Amino acid sequence: MKKFNIKKIVTISVLISLACCLSYFDSYICSFITMGAIRYKLGLANIVIMVILYNYSFKTGIIAILLKTLIVGFLLGANGIITFVISFLGSMLSFLGMFLIKKCLTKSKFTPFIGLIGGFLHPVGQIIGAIIIYGFKAFFASSILTAPMMLVLGIITGILVGISSKQINKVLETKIN
């Protein structure tokens, strides 16, 4: 019979809850700043996802992304399955890219670069999801101007997420493990 590490389960639960709170808060910050003109979030919850990436297993990261995306989707009452699929694809591609780069670049000094990769791949995954759901013509007509801006903002916020998670990981190094 497999033993459960209660401390690990509670810590991961708290981290997922924090990611949900940050994502919820993030959506309201960006709605206020852009007055609803652009549906772009800064990705504050990705700080927590990067902390999970550095301190837990790949499987734990996947579960955290799935739970965060589901919970935030329910909280925000977003457009149901379409928003979930687009958000989940962006998060998964971002996480997979960061995971693979982290495997190659093991030193923590590369954390901002890993965040950059995640920040770039997240909107790429969302764009792929939008093309799958709406078709290329519909996506092209509605998002041709916002897609490049999403990529640039993703890179900038990805670097900031990487820097933030590097600092948090320094503090948590002895606390989690």
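Residues numbered from 1 in each chain as written. Predicted model: local features only at pLDDT ≥ 70, side-chain atom pairs only at ≥ 80, totals over all residues. Heavy atoms only, no water.

Focus: the confidence of the model for the protein chain
This is how the line gets drawn: What pLDDT expresses is the predictor's confidence in each residue, scored from 0 to 100. To qualify as a helix, a DSSP run of H or I must reach at least 4 residues; to qualify as a strand, a run of E must reach at least 2; elements of each kind are numbered from the N terminus.
For the protein chain, the average pLDDT comes to 83, and 85% of its residues sit at 70 or higher. Here helix α6 (residues 136-143) stands out as the element of the protein chain with the lowest mean pLDDT, 67, in contrast to helix α2 (residues 45-55), whose mean of 91 is the highest.

Description of the side chain of S165
To be explicit about the condition: Residue contacts are counted whenever heavy atoms from the two residues lie within 4.5 Å of one another.
Looking at the secondary structure, you find S165 in helix α7 (residues 146-176). The residues touching S165, leaving out its near neighbours within four places in the chain, are I47, M50, V51 and T111.

Quick look at the packing of aromatic side chains
The line we're drawing: Side-chain rings of Phe, Tyr and Trp (the six-membered ring for Trp) are treated as a pair once their centres are within 6.5 Å; stacked means planes under 30 degrees apart, edge-to-face means over 60, and tilted covers the remaining angles. Only protein chains enter the calculation, and the probe is 1.4 Å; a residue is then buried if its accessible area is under 20% of its type maximum, exposed if over 50%, and partly exposed in between.
Using the criterion set out here, one finds 3 aromatic pairs in the structure. Ring centres of F58 and F95 lie 5.6 Å apart, and the angle between their planes is 35°; this geometry places the pair in the tilted category. Taken as a pair, F58 in helix α3 (residues 58-76) and F95 in helix α4 (residues 80-104) lie far apart in primary sequence, 37 residues in all. The class of F95 is buried, set by a relative accessible area of 1%. Summarising the aromatic geometry, the rings of F58 and F99 are spaced 4.6 Å apart at their centres and angled 55° between planes, so their arrangement reads as tilted.

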